[in-house]
Amino acid sequence: MARPTPKSTRPTNPLLKPPVRLGSIDTAAVIGELRQLHEDAEDKNVARMPADEELFRALLYLEANAGALKSEKAQRKAAIERVRLWEYLREQADLHQSKAIEHARAAGAQWTDLAPALAVSAPSAAYNKAKRMQAAVLTEASRGDRPVRRTPEAVREAERLAAAQAAAERRAEQEAARRHTLLAPVAQRLLEHRAGLDDDGEVTFWLDQIAAVLPSCTTPTQLVSLQTYLTAVVRELRTTERTTARAAATTDDALFAYRAAAELVMK
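Residues numbered from 1 in each chain as written. Predicted model: local features only at pLDDT ≥ 70, side-chain atom pairs only at ≥ 80, totals over all residues. Heavy atoms only, no water.

Caption draft 1: Layout of the overall build of the chain. Counting secondary structure elements, the chain contains nine helices and zero strands. Counted from the first residue to the last, the chain has its helices and strands arranged as α-α-α-α-α-α-α-α-α. Within the chain, buried positions represent 36% of all 267 residues. Taken as a whole, the chain presents about 16,900 Å² of accessible surface, with 54% of it coming from carbon and sulfur. (Helix = DSSP H or I, 4+ residues; strand = E, 2+ residues; numbered from the N terminus. Buried < 20%, exposed > 50% of the residue type's maximum accessible area, 1.4 Å probe, protein only. Areas by Shrake-Rupley, 256 points an atom, 1.4 Å probe, with all protein chains shown as cover.)

Given below as structure tokens:
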């Protein structure tokens with residue numbers, strides 16, 4: 001009986017199983033603990049050990065002086081921590097080397113120039129290696145939700161999706177800024193004539209929110225908040241009109257401000 005042909009994996013597909021990553025580590029604290037092990041063991045060379053912040057050099061010292069630890073328990077603990085810290089460095093290497101390649105390319109470096117630095121013999125090999133490395137950066141940027149395969153095709157697809165998302169975010173910010181030019185003067189008029197607006201308590205609350213955000217309304221979140229608060233004021237005033245015999249506004253200026261806000265939030 002013939003075996004079924006295995007399905008080929010598309011090079012742009014994400015990894016089926018997310019890779020396990022160490023993530024953030026307080027490396028200085030770990031090196032400090034390993035230093036303490038050597039001090040407790042009366043390592044005669046411990047004064048020469050590099051500072052806790054000098055991770056690479058500290059690891060080299062710990063490797064060269066591993067025999068200074070007398071107990072098997074201390075040796076095991078120190079060795080395991082060294083394994084973890086080297087793995088951490090490995091994770092960071094792709095991220096930082098990829099940024100260095102990006103900076104080199106931005107400065108006019110050709111793939112021919114980068115091939116020796118990447119330990120490959122051809123420009124095409126340098127390009128492919130850089131793209132595989134970029135997968136780590138893209139995975140980090142997405143917090144590992146959809147790990148990127150280490151293939152040039154997958155990286156290009158991830159870059160395309162990231163560019164599309166960034167473009168959508170820019171359009172949303174531009175739209176929010178456009179809306180702000182309409183919202184701000186209407187919101188300001190409501191604040192100026194708030195004394196003439198019927199207040200059941202909720203109106204005051206939402207007007208206070210507008211007053212808090214309006215003077216420094218610059219970020220996308222603040223712009224969205226301003227529209228939310230303005231909509232809430234209109235909603236509460238409409239509720240007053242619908243459920244009571246009272247008018248939403250007691251002065252002409254307040255009425256005009258209310259109507260302008262209602263017309264705007266309905267667009």
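Additional details are given in the paragraphs that follow.
Caption draft 2: Fine view of the nonpolar core. Within the largest apolar cluster, 31 residues are counted, with the highest numbers of intra-cluster contacts made by Leu 190, Leu 197, Leu 207, Ile 210, Leu 226 and Leu 230. Elements with a contribution of two residues or more to this core: α6 (152-192), α7 (202-213), α8 (220-243) and α9 (252-265). Top contributing element to this core by residue count: α8, with eight residues. Leu 207 has contacts with Leu 190, Leu 191, Arg 194, Leu 197 and Val 233, leaving out every residue within four places of it along the chain. In terms of nonpolar packing, the next biggest core, distinct from the first, is built from 18 residues, Leu 59, Tyr 61, Leu 69 and Leu 85 among them. (Core = buried A, V, L, I, M, F, W, Y, C linked by side-chain atoms within 4.5 Å. Contact = heavy atoms within 4.5 Å.)

Caption draft 3: Molecular detail of the pattern of salt bridges. One pass over the full model with this rule turns up seven salt bridges. With a shortest N-O distance of 3.0 Å, Arg 194 and Asp 208 are connected by a salt bridge. With Arg 194 in the loop between α6 and α7 and Asp 208 in helix α7, this residue pair connects regions lying 14 residues apart in the sequence. Classification of Arg 194 by relative accessible area gives partly exposed; the value is 28%. The partly exposed category is assigned to Asp 208, whose relative accessible area is 38%. (Salt bridge = Lys/Arg side-chain N within 4 Å of Asp/Glu carboxyl O.)

Caption draft 4: Fine view of the packing of aromatic side chains. Inspection of every chain in the model, using the stated rule, returns four aromatic pairs. Where Trp 111 meets Tyr 127, the ring centres are 5.5 Å apart and the plane angle is 85°; that geometry is what we call edge-to-face. Residue Trp 111 is located in helix α4 (residues 111-117), and its partner Tyr 127 is located in helix α5 (residues 123-141); the two are separated by 16 residues in the primary sequence. Taken together through their ring pairs, the aromatic side chains of Phe 205, Trp 206 and Tyr 229 make up a single cluster. (Phe/Tyr/Trp six-rings, centres within 6.5 Å; stacked < 30°, edge-to-face > 60°.)

Caption draft 5: Spatial organisation of unusual backbone geometry. In this structure, Glu 42 is a non-glycine residue whose phi angle is positive, near 55°. As for its position among the elements, Glu 42 is in the loop between α1 (27-40) and α2 (55-64). Classification of Glu 42 by relative accessible area gives exposed; the value is 70%. In this structure, Ala 119 is a non-glycine residue whose phi angle is positive, near 60°. Its location among the elements puts Ala 119 in the loop between α4 and α5. The exposure class of Ala 119 is exposed, given its relative accessible area of 68%.

Caption draft 6: Here's a closer look at α1. Taking 1.5 Å per residue as the helical rise, α1 with its 14 residues ought to reach 20 Å, and the 20 Å between its terminal C-alpha atoms agrees with that figure. When we look at burial in α1, the residues that qualify are Thr 27, Val 30, Ile 31, Leu 34, Arg 35, Leu 37 and His 38. Seen end-on, α1 carries its buried residues on one side only, within an arc spanning 155°. Elements that come into contact with the buried residues of α1 comprise α2 and α3 (72-106). (Expected span 1.5 Å × (residues − 1). Arc of directions from axis to C-beta.)

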